[in-house]
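Observations on chain architecture
Chain by chain, the residues:
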Amino acid sequence: MDYNFLATEKKWQQYWAEHNTFVVEEPSDKRKYYVLDMFPYPSGAGLHVGHPLGYIASDIVARYKRMEGYNVLHPMGFDSFGLPAEQYAIQTGTHPAVTTERNIKRYRKQLDRIGFSFDWTREVRTSDPSYYKWTQWTFLRFFDHWYDSKRNTARPISALVELFYDSGSKDISAHSHPHDPFTAQQWNSWDEVRQQKMLMNYRLAYLSKTMVNWCPALGTVLANDEVKDGFSERGGHPVEQKKMMQWSLRISAYAQRMLDNLDHLNWPRSVKEVQRNWIGRSQGATVHFPVKDSDQSIEVFTTRPDTLYGATFMVLAPEHELTESLTTPGQQKEVEAYVQQAKMRSERERMADTKEVSGVFTGSYAINPLNGKPIPVWVADYVLSGYGTGAIMSVPAHDARDFLFARHYHLPIVQVVSRPGEVLENTDTWENAYDSKEGHLINSKDINGLPVDQAINKTIEILKEKGLGHDTVQFRLRDAIFSRQRYWGEPFPIYYKNGMPYALDDDQLPLKLPEVDKYQPTEKGEPPLARAKNWKTKEGYPLETNTMPGFAGSNAYYYRYMDPHNEKEFFSKDANAYWKDVDLYLGGDEHATGHLIYSRFCAMFLYDLGMTTEEEPYKRMINQGKIQGRSSFVYRIPGTNTFVSYHQRKKHKTQKIHVDINLVDNDVLDTEAFKKWWPQYKDAQFITEEDGRYICGREVEKMSKSKYNVQAPDDLMEQYGADTFRLYEMFLGPLESHKPWDTQGIEGVFRFVKKLWRLFHDDQGTFAVEDARPSEKELKVLHQTIKKVKDDMERLAFNTTVSQFMICVNELTDINCRKRAILEPLTTLIAPFAPHIAEELWSKMGHRDSIAYAPIPPLDSSFLKEYSFEYPVSFNGKMRFKKALPLDLNKEEIEQAVLDDERSEKYLQGKPPKKVIVVPKRIVNVVVAN
RNA sequence: GCGGAUGUGGCGGAACUGGUAGACGCGCCAGACUUAGGAUCUGGUGCCUUCGGGCGUGUGGGUUCGACUCCCUCCAUCCGCACCA
């Protein structure tokens, strides 16, 4: 009787649900283990074969850790606010909540079919008011805190107000927007609006008029990580720069801490690297350049203050605030035209032609603060307004971009750093700037002769003394723009009084999304929430009409799983003290600059508030690779309905066309099915191979509908069952690497599952496990498997674990082993990977309880002991023959045994060996002179 | 341009700190049982070969008794970032 996987899998999935097998018990004396998957956005397309890869791996870890005796938190939920449901709502009028609910149901069904051990009683959905209550609550904490950069922690706004009240702004060292200093008297004399405006410069969630990424097609602003190459990440619509009043989170306050902590995280190197680049710390100096014949000065940031003597001109970004006032009447027309043109150019265009040099002279001169020389001030769009001070000193001899600019506009190039061992060169003949930090200073008065690193420090000292500058650290990381002009997101718990935003009281939360008649912006261009009737507080103050961005709900969701039903708090201190942080986090590396930055920031903030025990949320992270599609192609002779088989295609002029992978088996096309695929192929003709088969071409590509290469897990589950599917996804290759989906390969794993079943049954299909004593050989293969499972679990190298299971089952089958003492431990080892068949066999072996909490068998290495070893014998590094020798021989004895072997004569050719290398239990290598 | 990753049979991939390259599986070939099989089982399968052997882990070099593994060079592919001063 064959294994009936469909019935068995259904039975155990029901059993787990009915017995609450995976509901986490708490409190517990057991050690905790928290395995988390990045929760999905429930899209309308459902799961394809690539999605569950990470979930299967994490489920194996969760199940294994449970069997090791850990109390395992393994939850799942849905990141259910997002654009697709809203776009669908705009088109059809269906409320996004309805679409979302439907999609979640489908996801849940698909996930359950795979046999995951999630504790669904802890499910969170970001679009559920009982959850977004805490997203709003967290936002209000951001709103109500500022960052004290002396103490390096977030502190309540009330503490800041006290400081202002006592001594004004002078003693405060905070991460804030720049503003004029004020005294206590001034503060106390201000009215509420003015005080609130000042506080806005400090709040960690603040409202400000900033340059934003505006996406007209989506009708909303986007954060930097949501824009790729000038297009929106979702939908690929063009994005433009625009100044708007927006909410932002002051994430830049945490830049240094986020950078420092990266060193201690057990994360993939590449993700850490991406984050380092994204944070983009650079150390340098701020330098003030007085403007000639003016009391203004230009502030620049430079990482190379040592090259100050080589600064021969300055450049302002077109948007720079001094651009207008520094333009002399004679240059006005030209500058205005240039600034206007720069404004018109989209971010996209500006990035596209970075090689084009363009700029215009303002007519003004600045004074080099060290040598007093006047240098011209230009405006050019190669200087970005958003980085540093939006102005630079240009050192064309030692900066590639400045060099290009100087050459183009014939500006002087003065060398101030010489290469090691060389002296002054003629810069007129240079083809490139010399921007290396190797070398020493020349043409630079007090710092001449110093190597670059010392010159940097010395220059900063001099600037400090003269009051012309100071050392500075710049970050590329910008504050996160936090508002969206959208419907399907968390409403801000904010109302307006006299034009200033105020927080709703906590007991007003959640502020639920209102009903609207349409999901589009209003005719006046306001966000959809402005359509809601009575969108105001009880007192009549208008509520904020923006909503929060997609990443708001995922910033801190991992905390909510710890205490998901708490109505009084986001999560209790006790729950957090027990679960602490995520031990293993699985998800895609595409979140490296978005979710993984924001949630680290949020975790750090909640830590500052004293709510949590850990500063970092995810101790260890693994990025699962993507599963690519394997597309199949037919080759049509253009203009005909004739298709040429793969190997014949060169004989004709053909075009390659994607064909549905379901019509292809092992590259052979089912030509009858193909004719029925589309009406136009009804009369298709085929030029086949000699054996009459039509062979398709294949290629590895991204899985996508349009390429007809999408493999849905549902069909496979019907055909092979969940256990086979789980094993196969793991067997495919290393978890982290991208790999193509091969529909053929699953057969091999399916055979393994059936073979496993047969191992427990006789030829008649009767369960036949017996209680006989196991042999040494049987114990050896079992313990080899135990060892492999344990080792691989550490590295999450499940592909080789599955191989070992196959080896083990093959061997036990060969020696006809049906012994309980072997098969019972083997079943527990396989249980995390193929839980359904394991449960079934476990219960057949007489167990009443689920295998989910059965202990993993301990490794006894004594069974692995070898008494002899088959030495590969090499002559001059080439393996010639093998010789089995007892392991207790010493090196000399091994050497002698090998040289005495008659097969050695041939390779020695009568000569004595020059040298013999013996590595016990590894190899023998004989070196012969030739 | 900068940074990261990867390159092993027809295919997916194994190979721990340098020590038998190709485990395991797919596919393919041959055979058994079968009316039949796309079920099951057995054997074979890196390439070349004059059957002695030779060649083989992207390329070329180096270190070593010995290199997929370490060092240098170059090439290819993929992924980030990209006027960041």
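Residues numbered from 1 in each chain as written. Chains lettered and ligands numbered in written order. Predicted model: local features only at pLDDT ≥ 70, side-chain atom pairs only at ≥ 80, totals over all residues. Heavy atoms only, no water.

1. Some points on the domain arrangement of chain A
The domains assigned to chain A are domain 1 (27–138 + 554–623), domain 2 (151–254 + 479–550), domain 3 (281–475), domain 4 (627–701), domain 5 (715–858) and domain 6 (866–927). Once you take the C-alpha centre of each, domain 2 and domain 4 turn out to be 57 Å apart. (Domains from an automatic or database assignment.)

2. Observations regarding the environment of Met-806
Inspection of the secondary structure puts Met-806 in helix H24 (residues 798–814). Expressed as a C-alpha distance, the spacing of Met-806 and Arg-751, which sit 55 residues apart in the sequence, is 9.8 Å. Not counting chain neighbours up to four residues away, the residues in contact with Met-806 comprise Phe-731, Gly-748, Val-749 and Phe-752. (Helix = DSSP H or I, 4+ residues; strand = E, 2+ residues; numbered from the N terminus. Contact = heavy atoms within 4.5 Å.)

3. Overview of the protein's contact with RNA strand B
In the neighbourhood of RNA strand B, 51 residues make up the surrounding shell, with Thr-303, Arg-401, Leu-732, Arg-751 and Lys-882 lying closest. Among atoms of RNA strand B positioned within 4 Å of the protein, sugar and phosphate together represent 65%. A distance of 3.5 Å is found between a phosphate oxygen of RNA strand B and a side-chain nitrogen or oxygen belonging to Ser-282. Side-chain polar atom of Arg-630 to a sugar or linking oxygen of RNA strand B: 3.3 Å apart, as the coordinates give it. Elements that contribute at least two residues to the surface near RNA strand B include exactly helix H10 (269–279), strand E11 (297–302), helix H22 (746–759), H24, strand E33 (878–886), helix H28 (902–908), strand E34 (915–919) and strand E35 (923–927). Sorting elements by how many residues they give to the surface near RNA strand B places H24 first, with 6 residues. Looking at side-chain class alone, the surface near RNA strand B contains 18 nonpolar, 15 polar and 18 charged residues. (Near = heavy atom within 4 Å. Polar contact = N/O pair within 3.5 Å; in protein donor to acceptor, adjacent residues only side chain to side chain. Nonpolar A, V, L, I, M, F, W, Y, C, P; charged D, E, K, R; others polar.)

4. Quick notes on the sheet that holds E11
Strand order across the open sheet formed by 3 strands is E11-E10-E18, with antiparallel pairing between neighbours. Edge strands, defined here as strands with exactly one partner in the open sheet, are E11 and strand E18 (469–475). The sheet shows a mean angle of 30° between the axes of neighbouring strands, direction not considered. (Pairing = 2+ DSSP bridges. Axes fitted to C-alpha atoms, helices over the stretch in contact; angles between N-to-C directions.)

5. Quick look at the sheet that holds strand E14 (residues 374–379)
Strand order in this open sheet of 4 strands is E13-E14-E12-E15, and the pairing throughout is mixed. The sheet terminates laterally at strand E13 (360–367) and strand E15 (391–394), the two strands that pair on one side only. Direction aside, the axes of adjacent strands within the sheet are offset by 25° on average. Sheet analysis places strand E12 (residues 313–316) next to E14, joined by 3 bridges and oriented parallel. For Met-314, the partnering residue across the bridge sits in E14 and is Val-377. Helix H12 (residues 332–344) rests against E13 and E14 of the sheet, and its axis sits at about 110° to E13.

6. Description of the packing of aromatic side chains
Within this structure, the stated rule accounts for 72 aromatic pairs. Where Phe-5 meets Phe-750, the ring centres are 5.8 Å apart and the plane angle is 85°; that geometry is what we call edge-to-face. With Phe-5 in helix H1 (residues 5–18) and Phe-750 in helix H22, this residue pair connects regions lying 745 residues apart in the sequence. Of the residues examined, Phe-5 reaches a relative accessible area of 12% and is grouped as buried. Within the aromatic cluster, the residues linked to one another by ring pairs are Phe-39, Trp-134, Trp-137, Tyr-557, Tyr-558, Tyr-559, Tyr-561, Phe-570, Phe-571, Tyr-585 and Tyr-618. Looking at Arg-203, its charged tip hangs above the ring of Phe-143, at a distance of 4.0 Å from the centre. (Phe/Tyr/Trp six-rings, centres within 6.5 Å; stacked < 30°, edge-to-face > 60°. Buried < 20%, exposed > 50% of the residue type's maximum accessible area, 1.4 Å probe, protein only. Lys NZ or Arg CZ within 6 Å of the ring centre and 35° of its normal.)

7. Considerations on unusual backbone geometry
A cis geometry characterises the amide bond from Leu-509 onward to Pro-510, with omega recorded as 0°. Of note in the backbone geometry, His-410 takes a positive phi value of approximately 55° without being a glycine. Judged by relative accessible area, which is 72%, His-410 ranks as exposed. The phi torsion at Lys-580 lies on the positive side, around 55°, for a residue other than glycine. On the secondary structure map, Lys-580 appears in the loop between helix H17 (573–579) and strand E22 (584–587). On the accessibility criterion, Lys-580 (34% relative accessible area) is partly exposed.

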